[in-house]
Amino acid sequence: MSMITEDLPLAMRIADEDDVAVALAPLEAGDEVHVGGVSVRLADAIPRGHKFALRDVAAGAKVHRYRAPFGIATRDIAAGEHVHVHNVKTALSGELAYRFEGAQVGHDVESRHSFLGYQRADGSVGTRNELWILPTVGCVGRLGERLAMKAEAIAQGRIDGVHAFNHPFGCSQLGADLDGTAAILAALAQNPNAGGVLVLGLGCESNQLDALMARIPEARRDRIRTVRAQSEGDEFEAGIAAIEDLVAIMATDQRSEVPLSALRLGVKCGGSDAMSGLTANPLIGRMADAVTGEGGSAILTEIPEMFGAEGLLLARAESEAVFDRLTEVVNRFKRYFLDHGEPVSENPSPGNIAGGITTLEEKSLGAVQKGGVATVSDVIDYGARITKAGLTVLEAPGNDAVSTTALAAAGATLTLFSTGRGTPLGSPVPTMKIASNSDLASRKPGWIDFDAGAVLRDGMDAAADALLDRIIAVASGEPARNEVNDERAIGIWKRGVTL
């Protein structure tokens, strides 16, 4: 039996109200643990990232972490016992009614940092000057990839790259499902990182090229070219000609110093573990606060991973209209689950559970920390683009590919992606992976851009300063790991029937 003290950061709790602490290293049954002024002797071995009770919790009582309940005890839990799926269950069931308590008071903004970005004619700023190839339909997706490979020589040394984003949709879709595909593609075509866009159509698809282009304001079309494959004698030759035209225009673009307020920061988590809510997500929240505090924009999504924690965001709504929109989106997403015969709590994933996350409420309470404490200034639908500074909540599911794509379509020019278990996935924009623990960062250096384990070693302030410096460097042109690995892809939310 070993004695573990606060001199060694082997367990942590967030607040005095919490019933549990999280093991930061494997702990043995019989260990006496001192954490947050509380001393307990462990009744069970506790894996790293898992929770143990700091006080007795009666069966049927709420169990608290992050100052909020994350589930219901299914039996009596004694201090020192392992707290997980075997003795705690979700309290989520369905839609809820909410009451507006008053507008969140905004804060003064001050520009203190800058980066080197590409200023666009509409006033937006890109962190990259890339040519994106977007197919209206999966039938020409491979054509786009072939064009991108051929165009590498044309673009070399003149722009930041040519990338094609294949997908299987755009035909055999109906109604709102087809509309969502068209909305996402039209919004992606307007991302500031795309200094030029080639939209490839087939000709007979449901997602017609002309209708898609009509979604893009006339003022934004000067750097967009289209090719309709069925109308061309040689569609590949036509595509290359369009790329050469765009590259010639884009080659004149140069980086210039712009304030941090020009950054549009997407925030996301995936492959989470119990450490995500202690290190990486709060650290990302500090970055969202830093950007919005200087007048910039941050975008928070993954609506199902707000279930059980939406009250924290509702309390920060800028106005009653924003409050009402957020309640509408949250309840609409819950109804989406229920209408398909699925419980709203069908989360966390097996990997999340293995990492120590017990219920969706717990996952959500950790996940919403990525939004920091910024005022929620807007709530937008899937496929919509941000129009306001501050924190925008974006409708999209938790799926990594779909939500990172939705962030890029909304206008994110750089995304922070926290992970406790690791993933190589990247989106159309730089997708910086923030490891929740130093073990992951050391095992997968090819995936990870920043080790949030530094929060435990150096403190939150020092880690935040270091991450902000890294963000500014990547925004100014240094490649994120997903870019080094050529991990760029899109995922589109498929919600309807397929013909």
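For the structure itself, consult the block above.
The paragraphs below set out a description of the structure included in this document.

About the cut-offs
Residues numbered from 1 in each chain as written. Predicted model: local features only at pLDDT ≥ 70, side-chain atom pairs only at ≥ 80, totals over all residues. Heavy atoms only, no water. Helix = DSSP H or I, 4+ residues; strand = E, 2+ residues; numbered from the N terminus. Rg over C-alpha atoms; globule rule 2.2 N^0.38 Å. Buried < 20%, exposed > 50% of the residue type's maximum accessible area, 1.4 Å probe, protein only. Contact = heavy atoms within 4.5 Å. Areas by Shrake-Rupley, 256 points an atom, 1.4 Å probe, with all protein chains shown as cover. Lys, Arg positive; Asp, Glu negative; His and termini not counted. Charge placed at Lys NZ, Arg CZ, Asp CG, Glu CD. 1 Å grid on protein atoms, 1.4 Å probe; cavity = no way out; pocket = protein on both sides within 12 Å on 5 of 7 lines; lining within 4 Å. Points joined across faces, edges and corners; volume = space filled by probe spheres on them. Nonpolar A, V, L, I, M, F, W, Y, C, P; charged D, E, K, R; others polar. Pairing = 2+ DSSP bridges. Expected span 1.5 Å × (residues − 1).

1. Considerations on the overall build of the chain
Then, number 1: The helix and strand inventory of the chain stands at 14 helices and 24 strands.
Then, number 2: Against the 2.2 N^0.38 benchmark of 23 Å for 499 residues, the chain shows a C-alpha radius of gyration of 24 Å, consistent with a compact globule.
Then, number 3: When the 499 residues of the chain are sorted by exposure, 57% land in the buried category.
Then, number 4: Here the contacts in the chain between residues at least 6 apart in sequence split such that 72% fall between residues at least 24 apart.
Then, number 5: For the chain, the computed accessible surface area is about 18,900 Å², with 51% contributed by carbon and sulfur atoms.
Then, number 6: Averaging the locations of the 47 positively and 66 negatively charged side chains of the chain gives two centres separated by 2 Å.

2. Here we look at the layout of surface pockets
The method is simple in principle: a probe with the dimensions of a water molecule rolls over the atoms, and the space it marks as empty is what remains.
Then, number 1: Computed from the structure, the largest pocket encloses a volume of approximately 490 Å³.
Then, number 2: Taken together, 17 residues make up the lining of the largest pocket; nearest its centre are Arg67, Pro282, Gln369, Gly372 and Val373.
Then, number 3: The greatest single-element share of the lining of the largest pocket, amounting to four residues, is contributed by helix H5 (residues 280-293).
Then, number 4: Of the residues belonging to the lining of the largest pocket, the class tally is ten nonpolar, three polar and four charged.
Then, number 5: What the second largest pocket holds in volume is close to 420 Å³.
Then, number 6: Lining the second largest pocket are 19 residues, with Glu152, Val162, His163, Asp486 and Arg488 sitting closest to its centre.
Then, number 7: Contributions of two or more residues to the lining of the second largest pocket are made by helix H1 (141-155), strand S14 (161-164) and helix H14 (481-484).

3. Description of the pairing of strand S8 (residues 68-73)
Then, number 1: Burial within S8 is extensive, with five of its six residues counted as buried.
Then, number 2: Linking strand S7 (residues 62-65) to S8, which pair antiparallel, is a turn of two residues; within it tyrosine 66 sits at a positive phi near 60°.

4. As for helix H13 (residues 460-475)
Then, number 1: The end-to-end C-alpha distance of H13, which contains 16 residues, comes to 22 Å, matching closely the 22 Å that a straight helix rising 1.5 Å per residue would cover.
Then, number 2: Here the buried face of H13 lies against strand S11 (114-119), H5, strand S22 (414-419), strand S23 (431-435), strand S24 (450-451) and helix H12 (454-458).

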